[in-house]
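As a plain string of letters, each chain reads:
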Amino acid sequence: MHDSFLPSARSPQQWMELDNQAVWHPFTPMRQWQGDSNELGRVIVDGDGFELIDAQGRRFIDGFASLWCNLHGHRVPAIDDAIRKQLEHIAHTTMLGHTSVPAIRLAEKLVEISPAGLDKVFYSDSGATAVEVAMKMAYQYYYNRGEGTRSRFIAIRNSYHGDTIGSVSLGGIGLFHRIFKPLLFEAHFVDSPCEFYHPAGEKAMDVSLGQMRSLLEDYRGEVCAVILEPLMQGAAGMLKHPEGYLRAVRELTHEFGVKLIVDEVATGFCSTGKMFACDHEDVSPDLLCLGKKITGGYLPIAATLATQDIFDAFCGEIDEGKTFYHGHTYTGNALGCAAAVAALELIDETNLLDALPAKVDLITTKLDAVREHPNVGDIRQVGLMTGIELVASDARAFDPASRTGAAICLAARQHGIIIRPLGDVIVLMPAPAMDLATLERLLDATIQTIVDYFA
Ligand SMILES: *Cc1c(COP(=O)(O)O)cnc(C)c1O
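Throughout what follows, the structure given in this document is the object of discussion. From a predicted model like this one, the values you see are computed outputs, not experimental measurements.

So, how was this worked out
Residues numbered from 1 in each chain as written. Predicted model: local features only at pLDDT ≥ 70, side-chain atom pairs only at ≥ 80, totals over all residues. Heavy atoms only, no water. Helix = DSSP H or I, 4+ residues; strand = E, 2+ residues; numbered from the N terminus. Salt bridge = Lys/Arg side-chain N within 4 Å of Asp/Glu carboxyl O. Buried < 20%, exposed > 50% of the residue type's maximum accessible area, 1.4 Å probe, protein only. Near = heavy atom within 4 Å. Polar contact = N/O pair within 3.5 Å; in protein donor to acceptor, adjacent residues only side chain to side chain. Areas by Shrake-Rupley, 256 points an atom, 1.4 Å probe, with all protein chains shown as cover. Nonpolar A, V, L, I, M, F, W, Y, C, P; charged D, E, K, R; others polar. Contact = heavy atoms within 4.5 Å. Expected span 1.5 Å × (residues − 1). Arc of directions from axis to C-beta. Pairing = 2+ DSSP bridges. Axes fitted to C-alpha atoms, helices over the stretch in contact; angles between N-to-C directions. Disulfide = S-S within 2.5 Å.

### Looking at unusual backbone geometry
Phi at F27 is positive, roughly 50°, even though this residue is not glycine. Despite not being glycine, L67 has its phi angle at roughly 60°, a positive value. Its place among the elements puts L67 in helix α3 (residues 65-68).

### A closer look at the pattern of salt bridges
Scanning all chains against the criterion turns up 24 salt bridges. Where E222 meets R152, a salt bridge forms, and the shortest distance between an N and an O atom there is 2.8 Å. Here E222 is found in the loop between α9 (204-218) and β7 (223-228), whereas its partner R152 is found in strand β5 (residues 152-156), with 70 residues between them in sequence. For E389, the salt bridge identified is with R380, shortest N-O distance 2.9 Å. Relative accessible area serves as the criterion here: at 6%, R380 is assigned to the buried category. Among the charged side chains, a salt-bridge network with shared partners connects D48, E51, R59 and R441.

### A few points about the site of the ligand
Neighbouring the ligand are W68, S126, G127, A128, Y160, H161, G162, E229, D263, V265, A266 and K292. Take S126: an N or O atom from its side chain is 3.5 Å from an oxygen atom of the ligand. A distance of 2.7 Å separates an oxygen atom of the ligand from a polar atom in the backbone of G127. Isolated, the ligand exposes 380 Å² of accessible area, and the fraction of that covered by the protein chains is 82%. Taken together, the residues of the shell around the ligand sort by class into five nonpolar, four polar and three charged.

### What to know about the side chain of H74
Residue placement: H74 occurs in the loop between α3 and α4 (77-87). With relative accessibility at 16%, the residue H74 sits in the buried group. Those residues in contact with H74 that sit more than four places away from it in its chain are G47, D48, G49, E51, L52, D62, S66 and Y298.

### What about helix α5 (residues 101-113)?
Along an α-helix, a turn takes 3.6 residues, which lines up residues three or four apart on a common side. The end-to-end C-alpha separation of α5 is 19 Å, in line with the 18 Å expected for 13 residues at 1.5 Å each. Taken together, the buried positions of α5 are P102, A103, L106, A107, K109, L110 and I113. The buried side chains of α5 occupy one side of the element, clustering within an arc of 165° when seen end-on. Of the exposed residues in α5, the ones pointing more than 90 degrees away from its buried face are V101, E108 and E112. On its buried side, α5 packs onto α4, β4 (118-124), β11 (287-290), β12 (302-307) and α12 (334-349).

### Here we look at helix α13 (residues 352-371)
Taking 1.5 Å per residue, 20 residues should reach 28 Å; α13 reaches 28 Å between its end C-alpha atoms and fits that length. Listed as buried for α13 are L352, L356, K359, V360, L362, I363, L367 and V370. With its buried residues spanning 165° around the axis, α13 presents them on a single face. Contact partners of the buried residues in α13: α12, β13 (376-382), β14 (385-390) and α15 (436-454).

### Things to note about the sheet that holds β14
The four strands lie next to each other as β13-β14-β17-β16, forming an open sheet whose pairing is antiparallel. Each edge of the open sheet carries a strand with a single partner, namely β13 and β16 (420-422). Averaged over all pairs of adjacent strands, the angle between their axes in this sheet comes to 25°, without regard to strand direction. For β16 and strand β17 (residues 425-428), the ladder comprises three bridges, and the chain directions are antiparallel. In the sheet register, P421 faces β17, and the bridge partner there is I426.

### Remarks on the pairing of β12
Within a regular strand, the side chains alternate between the two sheet faces. Of all six residues that make up β12, six are buried, and the element is covered over most of its length. The two faces of β12 match: A302, T304 and A306 on one face and A303, L305 and T307 on the other face are all buried. In the sheet, β4 pairs with β12 via six bridges, with the strands oriented antiparallel. In the strand pairing of β12, L118 is matched with T307. Alignment of β11 against β12, held across four bridges, turns out to be antiparallel. For C289, the partnering residue across the bridge sits in β12 and is T304.

### A word on the sheet that holds strand β15 (residues 417-418)
Overall, mixed pairing links the four strands, which are arranged β1-β2-β3-β15 in an open sheet. Because the sheet does not close on itself, it has two edges, and the strands there are β1 (44-48) and β15. As defined by bridge partners, β1 adjoins strand β2 (residues 51-54) across four bridges and the pair is classed as antiparallel. In the sheet register, D48 faces β2, and the bridge partner there is E51.

### Topic: the state of the cysteines
In total, this model carries zero disulfides according to the counting rule given. Between C194, a free cysteine, and C278, which holds the nearest cysteine sulfur, the sulfur-to-sulfur gap is 17 Å. C194 sits in the buried class, given a relative accessible area of 1%. With no disulfide of its own, C289 lies closest to C278 among cysteine sulfurs, the gap being 10 Å. Its relative accessible area of 0% is what places C289 among the buried residues.

### Overview of the environment of Q13
Turning to its location among the elements, Q13 is positioned in helix α1 (residues 12-22). Expressed as a C-alpha distance, the spacing of Q13 and V207, which sit 194 residues apart in the sequence, is 53 Å.

This is the structure we're talking about:
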């Protein structure tokens, strides 16, 4: 390797200066980023199991699974080897007019482990594109069948499906949605079923389902799909759905003959304590969006799984024009698919699913220590996905300008952990394979950080 690529080629301070010159970071207020001289955990140069190591050699537990995508830890020998072995063959060619061994093997594996009925795998490279693909497939499904007026989508308020224009159109995170509103297509939103939003006593789940039924009745024959994040609306601040909601939505979509798109980009691959969130309610969607942990957190691969029925609607004579005209250059990337096959096989080989309940319980019992804390408003958990909502001592939300959640997560680095907030919700999303001892250290440090901050 050329020496200038080595972390030691420059001081941490110099790397930060170079970063400030040329790099524009995602979801980042850049003036504040550039003005921040705190080096702690800023330039990450190594990973080791469940730890991230910065340019000064300081170690931090990766408490947010490197933004929810890490599955087995960093530098996992089996995944590293799979990528190296594939490199000895080919890194990438195209899925247009060709196919590759890793892409075939991954598709076979995904069909095997996903809910019954999902038999076809369409690759792309991010969660947002997996959602775009699902939307376009749902729309074109009816178009191909001569039901072209079905262009309406129903989504849940405060949901998040990615940052492309289509996926933002179906998302309901106020800030992103508001800015881009003139560019978005129209979608219909129903209230989130989180009890959180209906403190007045009306059951939020009934309200949400009632609104969905009305829309399906009002626009009978015009709706092509309902889309949701199952069990937990992640980016909105870990908003937990009541039990039975997912199942009820599946039944509604069956009743009205519209497609159900389930976005498991965040919940998939062990995050909820099972392989998929759908497995908790025995639901099989028509389209399933997967991303994030699919490669163990190594490379950008995503997939949209579809039923045979949907696939069949795209098959016909060339002049019928039924083809799905969509694809990205790096779709089905061979290195990424090889990493994914290794990551998914490792779930079996390590009996990861059996080990999850003890980890889920540890999070629940450990967090009892702050459940009654005056600055903890609510703790919401589905499997390993956990949100700790912080409030001012009068139980009201903090002024967003105070950036309390961000300040606490920065303070957490002093305790040797890296976590990220969603507003004033502290998020814990450990890699599913994290061992109990490391998980316990992560939880202790999180609790200590919160207690110290408000002391
Ligand atoms: C992260 C996320 C996405 C977007 O995935 P990207 O890979 O960031 O495009 C979509 N849906 C959900 C539920 C997510 O959590």
